[in-house]
Amino acid sequence: EQAVQARVLGIRPERVRTSLEPTDAGVPAEVISRAITIGGRILLELKVQDTVFKAVVDDNMAAAAGEQMWVTFPRSEMRLFGENDRVIEAGLASQ
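Owing to the predicted nature of the structure, the values given are computational and were not obtained by experimental measurement.

A. Seen up close, the overall build of the protein chain. Scanning the protein chain from terminus to terminus reveals zero helices and seven strands. Classification of the 95 residues of the protein chain by burial places 27% in the buried group. Across the protein chain, contacts joining residues at least 24 apart in sequence account for 56% of those joining residues at least 6 apart. Total accessible area on the protein chain is roughly 6900 Å²; 46% of this is exposed by carbon and sulfur atoms.

B. Here's a closer look at the sheet that holds strand 4 (residues 42-48). Judged by pairing direction, the sheet is antiparallel, and its five strands sit side by side in the order 2-6-3-4-5 without closing on themselves. In this open sheet, the two strands that pair with only one neighbour each are strand 2 (17-19) and strand 5 (51-57). Averaged over all pairs of adjacent strands, the angle between strand axes in this sheet comes to 40°, irrespective of strand direction. Across four bridges, strand 3 (residues 27-36) lies against strand 6 (residues 68-72) in antiparallel orientation. Looking at the pairing, P28 lines up with W70 of strand 6.

C. Spotlight on the pairing of strand 4. On strand 4, burial follows the alternation: I42, L44, L46 and V48 on one face are buried, whereas L43, E45 and K47 on the facing-out side are not. In the sheet, strand 3 pairs with strand 4 via six bridges, with the strands oriented antiparallel. Within strand 4, the residue paired with V31 across the bridge is L46. Taken together, the seven bridges between strand 4 and strand 5 define a ladder with antiparallel strand orientation. Residue pairing for strand 5: K47 is matched across the bridge by V52. Hairpin connection, strand 4 to strand 5: the antiparallel pair is bridged by two residues, and Q49 has positive phi, about 55°.

Cut-off values and rules
Residues numbered from 1 in each chain as written. Predicted model: local features only at pLDDT ≥ 70, side-chain atom pairs only at ≥ 80, totals over all residues. Heavy atoms only, no water. Helix = DSSP H or I, 4+ residues; strand = E, 2+ residues; numbered from the N terminus. Buried < 20%, exposed > 50% of the residue type's maximum accessible area, 1.4 Å probe, protein only. Contact = heavy atoms within 4.5 Å. Areas by Shrake-Rupley, 256 points an atom, 1.4 Å probe, with all protein chains shown as cover. Pairing = 2+ DSSP bridges. Axes fitted to C-alpha atoms, helices over the stretch in contact; angles between N-to-C directions.

Honestly, it's all geometry; don't read function into it.
Next comes the structure, spelled out in structure tokens:
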């Protein structure tokens, strides 16, 4: 059986963990933009180096555009996608 090659690593925006203060496991991210979503939560567009992604946070956890936040990506919430954007079932192990 041929091994499936991962093409994309994905995580739902509401699963990205954010902090306004540095954390041991956190990566600094620049806030590109913010928008209010249904329920008063905030949709942030964030950037780490050349990678842009989104996170959904409570209003009290949202920095302004141009500011910095720290983000972590729980391994148990990540999904690997292969050809045709299909989830690879043998994705990331929880740790």
